[in-house]
Amino acid sequence: MKFTFTERVTLQSFTNSIIYAQRSAMSRQSNTTDPVSRFHSLSTAASVSSLPGMISGEERAPLVNQSDVEAGHTTHAQYGSSSMRTSASGEHLGAFFRLTNRRKYSKRNSMFKKRIRYYVPSTAWIPDYSVSLLGGDLLAGVTLAAMLIPQSVSYGTSLAKLSPTTGLFAAAISPIMYSLLGTSRQLNVAPEAALSLLVGQAVSDYRRGDHHTRPEDADAVGIAVSTAITFQVGLFASMLGFFRLGFLDVVLSRALLRGFVTAVAVVISEQLIPMFGLVPLENQMNPESTLDKIVFLLEFSWSDYHKPTMLVSFGALLVLIFMRAFKGLFKRIWWIERLPEVLIVVVLSTIISGHLRWDEEGVDILGVIPINTGGHFFSFPLKQSIRYIRGTTSTAVLITIMGFLDSTVAAKQNADRFGYSISPNRELVALGAANLFGSFVPGTLPAFGSIVRSKINGDVGARTQLASLVTAGITLLATFFLLPSLYYLPRCVLASIICLFVISLFGEVPHDLMYYWRIRAWTDLAMMFLTFSLSVIWNIEIGIIVSLIISLLLVIKRSSHTRMIILGRIPGTDQWGPIADNPGAEDVPGILIIRIRESLDFANTAQLKERLRRLELYGPERTHPSEEPRRQPASTLVFHMADVETCDASAVQIFHELLETYQNRGVELFVTHLRSGPREMFERAGIEELLGPEAFFATLGDAMASIGQQ
């Protein structure tokens, strides 16, 4: 039987105490018994001599029988040829083994609980929930529900081209799973305008592609396409999280995102078509691209508009803008700031429409809204949607990336604000699980976090995910019991709600444009305009894909350039500094001192030779290769490698070839400040043998002193 080090030490102390106790007992008996038989049943020499073998786990005669110890029986132990009765030792060792096993089980159980609390955060906040947080969570949940219910109806009908229930289910089903697995306490998961628009474009493409689809079949096609997209979004997000790819949010620049959001605002401005009452004419003309729809609006909005619809929609939009501005003037009065202007407009317009019978004037109303999920409320996602998987994969990938980026920004903002940390990888898993769970309700839209909603959630008082559970519960109840009350709600009012979102998006554009212009970020401006132009002229998918490819190429280009600087002596001191930052730094003639400012890997060493050649001939200034060299070729090259923490095999191989090239030119080579990890790699690769031990110095000063002596 093998023991750990701690168990061996503990077992040895137990054995010594047992021997000492038996000796003491027999010593007391020696006062009344024959001295010759004092240690009749104990061979001390054998016991002590067997301890080394016993402690190493190789004893031949066991101290006790393991089965007897576990059963708690009196045991016999044999040492050499002697035997003894050791009931006391059996009890002690039985207790020892039971205590050790109990500690091991307790440690494993504690570690398992920690892992569960880490990967399933709800197992941490639900048992430890404080009643003092209940008021804020309930208020935040009710406030968000008042804002989210009309928004979700608008996203489902106006943007996704589906039933209103698809947006409501996304706001009610998916947040339940995120509340159990998400690490952000204020993030509210629900359908987003831009993502719903992508779903709507995919739904419209499939409906236009099948000219034999009957009107009753169009709803089934839309539900199947939406379910296929949501299922794939959940699958992709979960896979990104499992493979720990949460760092992908650093790949996309803010300029690219701003270009995308601005393009989304322009695309969503298509909602002006129902606001002017031009939907029947649109169905006849069938403009496809965003540019076509803008031209359609400019051509027919002044001549073929429907007056009652236009008055209702733009009147609702003016009321929304006024109420939002009014709330901005009274931010310090909490009940005014918390007014749900969207819900107020929806309720009032529904009541007025039913009283004045706007539907008889030709205003399109919401009407009867069946809870249409394709036959069953819960259904396996691929049952009816598998034929649409391949055609919707690109849309699902874009929705996953854009939704994760928006959710991550919102989660990080709230984490910094309220003093806790989040894990992007666990956020990906939670968002993926939420969408997978939502896809089991056919037609549910993809759901992700929102910066605006999450900020409002925290402002109102949300401190745990209970607020999102309250919002989800109210939304689910509204879906089944309150939708009939929205029978007379004009659809153009839903379009007005979307246009309010568009206005807020456009309001952020001038600030970003001025910022990029002021800091002369021409590359970011170009990325922003490229994303915007491609998204508007063709479609959002092409705009995002092309911009993503360009963004990745820029990242690769920047990472492939090894960061190096030329060092020179600062006058009047023994210190060395970059000659680009210190104009007075002395450049030693014939000696090139290069400081490598990052770890070396296969990516940034591929162009190391060319970069060194340019530094040697042209210095740190940016010059065109056609110009004449500004410096003389170096006769001595010193590498300052204090910043090189790691060096992979490819980088070492390229560096070895580079050093051989310089040696063949007759250039003296020295290496300073080399760390232990790269030095070990250099030794194994033969670089130390190539240069010799005398070429390595602890400091740059030592290397320059040695060069001066030569």
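Everything in this summary refers to the structure shown in the same document. For clarity, every value in this text was computed on a predicted model and none was experimentally measured.

Criteria and thresholds
Residues numbered from 1 in each chain as written. Predicted model: local features only at pLDDT ≥ 70, side-chain atom pairs only at ≥ 80, totals over all residues. Heavy atoms only, no water. Axes fitted to C-alpha atoms, helices over the stretch in contact; angles between N-to-C directions. Helix = DSSP H or I, 4+ residues; strand = E, 2+ residues; numbered from the N terminus. Left-handed = near helix turned anticlockwise from the far one by under 90°. Contact = heavy atoms within 4.5 Å. Nonpolar A, V, L, I, M, F, W, Y, C, P; charged D, E, K, R; others polar. Phe/Tyr/Trp six-rings, centres within 6.5 Å; stacked < 30°, edge-to-face > 60°. Buried < 20%, exposed > 50% of the residue type's maximum accessible area, 1.4 Å probe, protein only. Lys NZ or Arg CZ within 6 Å of the ring centre and 35° of its normal. Expected span 1.5 Å × (residues − 1). Pairing = 2+ DSSP bridges. Arc of directions from axis to C-beta. Core = buried A, V, L, I, M, F, W, Y, C linked by side-chain atoms within 4.5 Å.

**Thoughts on the packing of helix α11 (residues 254–268) against helix α23 (residues 491–518)**
Then step 1. At a closest axis distance of 9 Å, the pairing of α11 and α23 adopts a crossing angle of 145 degrees. At the point where α11 passes α23, the crossing takes the left-handed sense. Touching Arg254, Ala255, Arg258, Val261, Thr262, Ala265, Val266 and Ile268 of α11 are Ile498, Phe501, Val502, Leu505, Phe506, Glu508, Val509, Asp512 and Tyr516, all from α23.
Then step 2. Class assignment of the residues belonging to the contact of α11 with α23 gives a composition of 12 nonpolar, one polar and four charged.

**Examining the packing of aromatic side chains**
Then step 1. Overall, the coordinates contain 15 aromatic pairs when judged by the stated rule.
Then step 2. With a centroid separation of 6.2 Å and an interplanar angle of 70 degrees, the aromatic rings of phenylalanine 380 and phenylalanine 440 are classed as edge-to-face. Pair noted here: phenylalanine 380 is in the loop between α17 (341–356) and α18 (382–385) and phenylalanine 440 is in the loop between α20 (424–438) and β4 (448–449), with a separation of 60 residues, a long-range link.
Then step 3. For phenylalanine 380, a relative accessible area of 49% puts it in the partly exposed group.
Then step 4. Ring-pair connections join several aromatic residues into one group, and the members of that group are Phe322, Phe326 and Phe330.
Then step 5. Lying across the ring of tyrosine 420, arginine 185 places its NZ or CZ 4.2 Å from the centre.

**Concerning α11**
Then step 1. Between its terminal C-alpha atoms α11 stretches 21 Å, which fits the 21 Å expected from 15 residues at 1.5 Å a residue.
Then step 2. Burial analysis of α11 places 12 of its 15 residues in the buried class, the great majority of the element.
Then step 3. Of all the residues in α11, the buried ones are Ala255, Leu256, Arg258, Gly259, Phe260, Thr262, Ala263, Val264, Ala265, Val266, Val267 and Ile268.

**A short note on the side chain of serine 439**
Then step 1. Structurally, the position occupied by serine 439 is in the loop between α20 and β4.
Then step 2. Taking the relative accessible area as the measure of exposure, serine 439 reaches 1% and is therefore buried.
Then step 3. Setting aside anything within four residues of it in sequence, one finds serine 439 in contact with Thr227, Thr230, Phe231, Ser379 and Pro381.

**Focus on the pairing of strand β5 (residues 564–569)**
Then step 1. As judged from the three bridges shared by β5 and strand β7 (residues 591–596), these two strands associate in the antiparallel manner. The residue bridging isoleucine 565 from the neighbouring strand is arginine 595, located in β7.
Then step 2. Where β5 lies against strand β6 (residues 576–578), three bridges are found, and the strand directions are antiparallel. By the bridge assignment for β6, leucine 567 is matched with proline 578.

**Description of helix α14 (residues 290–300)**
Then step 1. Where α14 is concerned, the buried positions are Thr290, Lys293, Phe296, Leu297 and Phe300. Take α14 and look down its axis: the buried residues cluster within an arc of 115 degrees, on one side only.
Then step 2. Tucked inside the fold, the buried residues of α14 contact α11, α12 (272–275), α13 (279–285) and α24 (522–537).

**Topic: the nonpolar core**
Then step 1. If you look at the biggest cluster of nonpolar residues, it comprises 52 residues, and the most contacted ones within it are Ile268, Ile399 and Ile540.
Then step 2. Counting residues per element, this core draws most heavily on helix α9 (residues 193–209), at eight residues.
Then step 3. Excluding residues within four positions of it along the chain, isoleucine 540 makes contact with Leu197, Leu198, Gln201, Phe260, Val264, Val267 and Ser535.

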